[in-house]
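This is what each chain is made of:
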Amino acid sequence: MFTPISHFDDTRNALRPMQRVDNVREAARDFRRDMLAKPKVLFYKTFELVRVPYPSKFAYLNAFGLPTPFVHLCNRLFVIQFSSSEGVKTLLVSPSDWEHQRATPFFAELDAKAGPMIGVLEALVLKKTSTVLQCLTSIGLRPEDIDYITYDHLHTQNVSRWLGANGRSAVFPNAKLLVMREEWESAQSLIPWQNQWYCPQGTQGIAPEKLELLDNSVWLGDGAVALVRTKGHTEGNHSIVAHTDSGLLVTSENGVSLDAYEPKHSAIRGLADFAKRTGAEVIINGNTQEYVVDQYISMVQEKSIAGPNPLDERFPNMVPSSEAQPYWLFPGTAPTLRTGNLEFGQLSLPVH
């Protein structure tokens, strides 16, 4: 089920950071060529779950040029099916259990500051579109049909309901979490500035057999999907790459919009100027700033894998797991290009 990917081995060993950038970019191009020669996913569909406020100072670190305090992030669910020697497998990417993640300290603090106005402010800045289970029901999938779940990183995530924890049964009884070992172990012992972004008890008490801990990048099944280690935004960050009818689609939260990957073409105030002034070719999403040099390199890696976007070739074929969206309350934050809803292939429903 898991085939190691060696393209990026040793590409970050150079002492000179820009040499690491060049090495990773070259390896990404080779990886892209090889993955495009592999099969396509059987099914790929995105669903909007919820939109939440996120500080613009983190979203476009050091580059945003307006006083608008927040951007509106749209958190998505991805349902992907691929072939394997064990048959068709169903993978959920970013299945955020947002109904049970409000205890994440950052959001809990926003709630506390709102006080008795919480209801009014929530109505203004939260858009609750759907839940994971509602999305699955809408296409005919049942919880027991899910084989794997994965997240590019574990900020804010509460996986205890999905996988079962502390004696509670799992909503997805047959699913395993695909996660980099670094990310999982990091989440078990956080330093203070990290823990503001992790849901308390969100990863605690889960049975080891529900975990698939990965030590490096892998292809899944027939190679139509890859999990590529992209350390930076968090210690164990990885990107999800899917071969679709629209080419290779790359998902993570290293960047919050396509503008972040090509700021020189951005209409968002400050980004193009920052890119010109500093020479930066990407703008990182930097709330915890754990490994900012690696995150910069990883964003170059991601966009080199993705290749040009068919809607506008100035931008890469990225699909951020949480993508900034225009919102009247947050002026000047509308991305230059957005991915929109995506669907490819035909869903395979198990025989029950």
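For clarity, every value in this text was computed on a predicted model and none was experimentally measured. (Residues numbered from 1 in each chain as written. Predicted model: local features only at pLDDT ≥ 70, side-chain atom pairs only at ≥ 80, totals over all residues. Heavy atoms only, no water.)

Draft legend 1. Focus on the packing of helix α1 (residues 17-36) against helix α11 (residues 292-306). Two elements in contact, α1 and α11, have axes whose closest approach is 8 Å; the angle formed by their N-to-C orientations is 25°. The angle between α1 and α11 falls in the class roughly parallel. For α1 against α11, the interelement crossing comes out right-handed. Across from P17, R20, V21, V24, R25, A28, F31 and R32 in α1, the residues of α11 making contact are V293, Y296, I297, V300, Q301, S304, I305 and A306. Residue classes in the contact of α1 with α11 are distributed as 11 nonpolar, two polar and three charged. (Axes fitted to C-alpha atoms, helices over the stretch in contact; angles between N-to-C directions. Helix = DSSP H or I, 4+ residues; strand = E, 2+ residues; numbered from the N terminus. Parallel < 35°, antiparallel > 145°, perpendicular 65-115°, else oblique. Left-handed = near helix turned anticlockwise from the far one by under 90°. Contact = heavy atoms within 4.5 Å. Nonpolar A, V, L, I, M, F, W, Y, C, P; charged D, E, K, R; others polar.)

Draft legend 2. Spatial organisation of unusual backbone geometry. The backbone of T156 shows a phi angle near 65°, a positive value even though the residue is not glycine. Here T156 is to be found in the loop between β6 (148-150) and α6 (160-163). Judged by relative accessible area, which is 15%, T156 ranks as buried. With phi around 50°, N166 is a residue other than glycine that occupies positive phi space. Checked against the element boundaries, N166 lands in the loop between α6 and β7 (176-180). A relative accessible area of 63% places N166 in the exposed class. (Buried < 20%, exposed > 50% of the residue type's maximum accessible area, 1.4 Å probe, protein only.)

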